[in-house]
Amino acid sequence: MVLALLAAACTWFVLGPVIAGYLVAIVLLIGLLLASLIMMRVLAGARRQMEAAIEGRATAEQRAIEALRESEAQWKEVFEHNPVMYFMVDANGVVLSVNSFGAAQLGYVVDELRGQSVLKVFFEEDRDLVLKSVDVCLTNIGQTHSWEIRKVRKDGSALWVRENAKAVRQLDNRLIVLIACEDITERKEAENALRQSESYLAEAQRLSHTGSFGWRVASSEIVWSEETFRIFGYDKAPSVTLDKVAQRIHPDDRARAQQTIDRASRDGKDFNHEYRLLMPNGSVKYVHATAHAVIDASGDIEFVGAVTDVTASKRAEEKLHEAQAELAHVARVTALGELAASIAHEVNQPLTAVVANAAACLRWLNRETPNLEEARSTVESIIKDGDRAGDVIQRVRAMVSTTADQKVQLHVNEIINEVITLLQHELFSHGVSLRMELAPDLGSVLGDRIQLQQVVLNLVINGIEAMQPVMDRPRELVIRTVQAKDDQILVMVRDCGIGLAVENADRLYDAFFTTKSGGMGMGLSICRSIVESHGGRLSASGNVGPGATFQFSLPLYQEDDSL
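A brief look at the structure comes next. (Residues numbered from 1 in each chain as written. Predicted model: local features only at pLDDT ≥ 70, side-chain atom pairs only at ≥ 80, totals over all residues. Heavy atoms only, no water.)

## Thoughts on the environment of His 411
Relative to the assigned elements, His 411 resides in the loop between strand 11 (407-410) and helix 13 (412-429). Using a relative accessible area of 38% as the deciding quantity, one classes His 411 as partly exposed. Note: C-alpha distance between His 411 and Leu 446 (35 residues apart in sequence) is 8.8 Å. Setting aside its immediate chain neighbours within four residues, His 411 contacts Leu 442, Gly 443 and Ser 444. (Helix = DSSP H or I, 4+ residues; strand = E, 2+ residues; numbered from the N terminus. Buried < 20%, exposed > 50% of the residue type's maximum accessible area, 1.4 Å probe, protein only. Contact = heavy atoms within 4.5 Å.)

## Some details on the sheet that holds strand 16 (residues 537-542)
Spatially, 12-14-15-17-16 is the arrangement adopted by the five strands of the open sheet, whose pairing is mixed. The open sheet is flanked by strand 12 (432-438) and strand 16, the only strands paired with a single partner. Direction aside, the axes of adjacent strands within the sheet are offset by 15 degrees on average. Bridge count between strand 12 and strand 14 (residues 475-483): seven bridges; the pairing is parallel. Bridging across to strand 14, Glu 437 finds its partner in Arg 480. (Pairing = 2+ DSSP bridges. Axes fitted to C-alpha atoms, helices over the stretch in contact; angles between N-to-C directions.)

## Notes on a negative patch on the surface
A cluster of acidic side chains, namely Glu 182, Asp 183, Glu 186 and Glu 189, defines a negative patch on the protein surface. Those elements that place two or more of their residues in the negative patch are strand 5 (175-183) and helix 6 (185-208). One can find Glu 182 in strand 5. Judged by relative accessible area, Glu 182 falls into the partly exposed class, the value being 42%. (Patch = residues over 30% accessible without salt bridge, like charges linked within 9 Å, V, L, I, M, F, W, Y side chains within 5 Å. Areas by Shrake-Rupley, 256 points an atom, 1.4 Å probe, with all protein chains shown as cover. Salt bridge = Lys/Arg side-chain N within 4 Å of Asp/Glu carboxyl O. Lys, Arg positive; Asp, Glu negative; His and termini not counted. Charge placed at Lys NZ, Arg CZ, Asp CG, Glu CD.)

## Section: the packing of aromatic side chains
This structure, assessed with the given rule, holds six aromatic pairs. Taking the centre distance of 5.1 Å and the plane angle of 75 degrees together, the rings of Trp 224 and Phe 229 count as edge-to-face. Taken individually, Trp 224 and Phe 229 each receive the classification buried, so the pair is uniform in this respect. The structure contains a cluster of three or more aromatic residues connected by ring pairs, namely Trp 224, Phe 229, Phe 232 and Tyr 234. One Lys or Arg, Lys 151, reaches over the ring of Phe 87 and ends 5.0 Å from the middle of that ring. Cation over ring: Lys 188 sits above Trp 160, and NZ or CZ is 4.7 Å from the ring centre. (Phe/Tyr/Trp six-rings, centres within 6.5 Å; stacked < 30°, edge-to-face > 60°. Lys NZ or Arg CZ within 6 Å of the ring centre and 35° of its normal.)

## What about the packing of helix 13 against helix 14 (residues 449-466)?
As a packed pair, helix 13 and helix 14 sit with axes 9 Å apart at the nearest point and diverge in direction by 40 degrees. Taken together, the axes of helix 13 and helix 14 lie oblique to each other. For the element pair helix 13 and helix 14, the recorded crossing hand is right-handed. Between helix 13 and helix 14, the contacting residues are Glu 414, Ile 415, Ile 416, Glu 418, Val 419, Leu 423, Glu 426 and Leu 427 on the first element and Arg 449, Leu 452, Gln 453, Val 456, Leu 457, Val 460, Ile 461 and Ile 464 on the second. Among the residues forming the contact of helix 13 with helix 14, the class breakdown is 11 nonpolar, one polar and four charged. (Parallel < 35°, antiparallel > 145°, perpendicular 65-115°, else oblique. Left-handed = near helix turned anticlockwise from the far one by under 90°. Nonpolar A, V, L, I, M, F, W, Y, C, P; charged D, E, K, R; others polar.)

## Some thoughts on the nonpolar core
Formed by 37 residues in total, the largest nonpolar core has its most connected members in Leu 459 and Phe 552. Put simply, the parts of the chain that give this core at least two residues each are helix 13, helix 14, strand 14, strand 15 (488-494), helix 15 (523-533) and strand 17 (548-555). Each residue touching Phe 552, except ones within four places of it in the same chain, is listed here: Val 455, Val 456, Leu 459, Ile 489, Leu 490, Val 491, Val 531, Arg 537 and Leu 538. If you look at the next biggest cluster of nonpolar residues, it comprises 26 residues, including Ala 103, Tyr 108, Phe 122 and Cys 181. (Core = buried A, V, L, I, M, F, W, Y, C linked by side-chain atoms within 4.5 Å.)

## Quick notes on the sheet that holds strand 5
Hydrogen bonding along the main chain pairs the strands of a sheet, whether they run parallel or antiparallel. Within the open sheet, the five strands sit side by side as 2-1-5-4-3. Their pairing is antiparallel. The open sheet terminates on both sides in strands that have one partner only, identified here as strand 2 (95-98) and strand 3 (145-152). The sheet shows a mean angle of 30 degrees between the axes of neighbouring strands, taken without regard to direction. Note: strand 1 (residues 85-90) against strand 2, three bridges, orientation antiparallel. Within the sheet, the bridge partner assigned to Met 88 lies in strand 2 and is Ser 97. Those strands touched by helix 5 (residues 127-139) are strand 3, strand 4 (158-169) and strand 5, and its axis lies near 150 degrees from that of strand 3.

Dropping the structure here:
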């Protein structure tokens, strides 16, 4: 329209008003037509653009709605079937929603829980904790809080869960609490089983007085169990040091224990040793430690072991040893009582010689010209016989004595000869011939002289008594000593008596078992105890011919035996 008016005005101005009037009308008509066409085209394009925009927006909205529906369906699927229990509760603790998996895990269907108090699925004694936990979430909106608690199933059984909860505000300004519950029942049961096992182990260690320990050689770190701390008298701590261990070891045992520790650190081999602890109150404990070497993940040596308080057993062992010593003393006295005639004979011989020599000495002195040379000779004989009688009495007194064990370096052949000196008359009176086959240059042993004499004495007397029923052959007793290849000295006493009954072979060394009508049944039992306490072994066997052989071994003395 504007263009048409401008064209008409120009025509009017150039051609004049008459001609221009018609032309103006034509121009206006044409301009109006053109303007209409232009407007129609413009409006049509705008409409198409608007329709396209509207259609695109509608498509986008439809896609968004479909995506939202799909996402909602997915989240609902996750919420319903995810193997995690989900709860949604309001500020009052009323269940707004629960997923199907969670409801089924508790033995319910969703409708049985929705609208109910969430306290329904908790044990009564745990409900205060639930209320406090929910209150913490409502106080700290948007923050996640976690706790572990039991839920109660519909059938009354327990289900341990770890709850992660957070309070959020809805569009209507209401507060709700979202709770995700993870089933930790198996873990809790495992923890309870482990705790119970540890409790049983600790109680067993306490009852057996046995503690455990671990020692990492590289770091010198030592880990003790509770019982080990009790044994050593220390307060419980995460770890201890070797210096702290050494402080408790008795000063007399400290060097030996340190040698064991140094050797284990150097060689990385199992060790087993016994030592004493000196406690702060002055009391002494005996402990026995044993450890096994293992290689850890880093390739370092680690020892895992146990330490046992053996004080009670040591005290009992000392009492038993005292009782055995007393019994051995009784056996010695009994044996010497049986040998009274032999002892009297052995003493009487030198005493008779003393009297005879004394009378001779007087005769040599009473002559008009005293024969001093002969008198001197008889006096020397008196002294020799007196010493002989004194030696016999001294041996008897030693065997009757109750002195404590005194292990010293000894020669076995000397011990045998000392015993045979007391038994000469006994052998003669029973018609027994003795053959001694003592190996020369035998090494020495470490032992108690009186105890080893008792062993030889008992075995020889047993041999003499075993040959009493023998009437059809000579009664011969053989005592032989040899040095074995395994650093052992063997002593064998062989008789030609009635031999060993097969049915009694396993009971020979039992206390109070005897085949003699008047025997106590303690001789061989005591002999075995003595030999074993010296690190040896006592055995018996039947001979190829008549009789039996009793044999005991003793370890050859080594320089470090006294350490």
